[in-house]
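Report on the structure
Below are the chains, spelled out letter by letter.
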Amino acid sequence: MNHMYHLFQNIYTTFAKCLALLIITTALPAMVFAQTAPTDGMKDNTPNVHAFTNATIVTAPGETITNATLVIRNGVIESVGRRVSPPADARIWDMEGKTLYPGFIDAYSDVGMNEPRVELDRGNNSWNPNLRAQLKAEQEFDTEEDGSSALRSQGFTAALSMPPLGIFKGEAAIMSLKDGEVSDRVVKNGIAQGVTLSRSWDFGFTYPTSHIGVIALIRQTLYDADWYERAHQAYRNNPSLERPESNAPLAALYDAVKGNQPMIFHTTSDEEILRALRFKDEFNSINPWILGNGHEYKVLDVLTEHDAPLILPLAYPETPDVETPEDALGEDLADLRHWYLAPENPARVADAGLQFSFTSSGLEKPSEFLVNLRKAVELGLDKETALAALTSNPATLLGISSTHGSLETGKTANIIVADGDLFENGS
């Protein structure tokens, strides 16, 4: 009898341990993803489950499933396919006649930067106000009228946000374009440093005031950033040396100078594209990305010789006034030629075998994006290439392909629903 008692006691203890383990394992997701901010009011744990049925689903460029179902649970894709059955707790959405696409990713924007700080009057800043590399997009992001809704209207669900001012602008972050607090919207930070090759008047009449001065300042700053780290390393190794100065912009640039962080060069002409690529010749460790300007078709021979990632805008020149022969005589031939060829730029870049990502940067109004995208498709850009430039390409480039860029199980449920072919007028 005593033997049987101990046997049952051991069985009960083992069962209790297994039950405790099951409860802990089940609770792990809630603990891992718990928010650090306290909940205001009652915490809502209601499952958020949706099933989109009878849909045509473009899961990735070149991959389409007809009469399919996509299930979302708490913002993540739970399942997608033709034989998927909606869960019992799901809200059903009949998508007959509709097409689902992965949400677009804007590879360069100033979303959340409506009123950037001009004066940096505290801290160990540079002598030149154009050097702002220490700024971080997620820390400068302002949710008040941040521009997210305008980008969402064009199909964008995430965007790279870059501080807009200065020559060395700061550090970009990938932001979700949903509503809410900044802490809930940062997808990934520390993406790249931003550099512009054009002089800025944001800080008044201060050096540099010419294009050649901008190039000189960029070169000197890159050399200074390299010196800065070496000087501090020497001091750490030998504290008897004179301690070097503390300079936040130079410290922030060191990873970019060593190639551990990309540098996005903001260009405004084909000449500036060439200038940006020349920095690689002088500073062979840097990793340049090119934010284009629509003139890439003029320098395709050079671009094909380099492996610098391209981010292409879809901002086209205004239609010139050529209603009369007299008006036409007042227009520059080069400007007329560019106005005619600019919408073909994406197709020409693609035909050259170059991969690229799209951006809404440069548009006067975000609402122009889909119109200009469809025009590029009309003029020869393949639809699959266009979709890749808005989904899988930027997801891979920005390092978020494990969660964004396609409609696959386990990925963030960023979805566009269209009532036709998204790349055709009228849909």
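This write-up is about the structure you can find in this document. Computed from a predicted model, the values in this text were never measured in an experiment. (Residues numbered from 1 in each chain as written. Predicted model: local features only at pLDDT ≥ 70, side-chain atom pairs only at ≥ 80, totals over all residues. Heavy atoms only, no water.)

**Description of empty space enclosed by the protein**
Put simply, the test is: Here a cavity denotes grid points, spaced 1 Å and computed from the protein atoms alone, that fit a 1.4 Å probe unable to get out, and a pocket denotes an open set having protein on both sides within 12 Å along at least 5 of 7 lines; residues with an atom within 4 Å of a point are the lining. Grid points are joined across faces, edges and corners, and a volume is the space filled by probe spheres set on the points. Only Asp, Glu, Lys and Arg are considered charged in this grouping, and only Ala, Val, Leu, Ile, Met, Phe, Trp, Tyr, Cys and Pro are considered nonpolar; every other residue, Gly among them, is considered polar.
This model, assessed by the stated rule, comprises two cavities of 30 Å³ or more. Within this model, the largest cavity holds a volume of roughly 50 Å³. Taken together, Pro102, Gly103, Ile105, Thr157, Thr403, His404, Gly405, Ser406, Thr412 and Asn414 make up the full set of residues lining the largest cavity. Class assignment for the residues of the lining of the largest cavity results in two nonpolar, eight polar and no charged. Of the voids in this model, the second largest cavity is the one considered here, and its volume is about 30 Å³. Lining the second largest cavity are Gly294, Pro313, Ala315, Tyr316, Ala342 and Asn345.

**Overview of the sheet that holds strand β9 (residues 173-176)**
Basically, it comes down to this: For two strands to count as paired, DSSP must find a minimum of two bridges between them. Each helix is a run of H or I in the DSSP string that is no shorter than four residues. Each strand is a run of E no shorter than two, and both are numbered from the N terminus. Helix axes are fitted only over the stretch in contact, all axes being lines through C-alpha atoms; the angle between N-to-C directions runs from 0 to 180 degrees.
Spatial strand order, β6-β7-β9-β10: four strands in an open sheet with mixed pairing. Two strands in the sheet have a free side with no partner beyond their single neighbour: β6 (104-109) and β10 (186-188). Strand-to-strand twist in this sheet, taken as the mean axis angle between neighbours without regard to direction, amounts to 30°. Taken together, the two bridges between β9 and β10 define a ladder with antiparallel strand orientation. In the strand pairing of β10, Met175 is matched with Val186.

**Brief notes about the layout of surface pockets**
In this model, the second largest pocket occupies a volume close to 910 Å³. Lining the second largest pocket are 39 residues, with Ala315, Ser361, Gly362, Leu363 and Glu364 sitting closest to its centre. For the lining of the second largest pocket, the elements supplying multiple residues, two or more each, are β6, α3 (148-152), α9 (333-341) and α11 (369-378). The dominant element in the lining of the second largest pocket, judged by the number of residues it contributes, is α9, at three residues. Residues of the lining of the second largest pocket, tallied by class, amount to 17 nonpolar, 14 polar and eight charged.

**Description of the sheet that holds strand β15 (residues 356-359)**
Definition in use: Residues are treated as being in contact if the distance between any of their heavy atoms lies within 4.5 Å.
Here six strands make up an open sheet; going across it, the order is β8-β11-β12-β13-β14-β15 and the pairing mixed. Looking at strand neighbours, the two that pair on one side only are β8 (168-171) and β15, the edges of this open sheet. Neighbour-to-neighbour, the strand axes of this sheet turn through a mean angle of 25°, independent of strand direction. Helix α6 (residues 270-282) contacts β12 (263-266) and β13 (288-291) of the sheet and is inclined by roughly 175° relative to β13.

**Description of the pattern of salt bridges**
Inclusion rule: By salt bridge we mean one thing: a side-chain nitrogen of Lys or Arg within 4 Å of a carboxyl oxygen of Asp or Glu.
According to the stated counting rule, one finds 14 salt bridges in the structure shown. Glu171 is the salt-bridge partner of Lys136, the closest N and O atoms lying 3.0 Å from each other. In this pair, Lys136 sits in the loop between β6 and α2 (137-140) while Glu171 sits in strand β8, placing the two residues 35 residues apart along the sequence. Residue Glu344 is joined to Arg348 by a salt bridge in which the shortest nitrogen-to-oxygen separation is 3.2 Å. The network of salt bridges with shared partners includes Arg73, Glu78 and Asp89.

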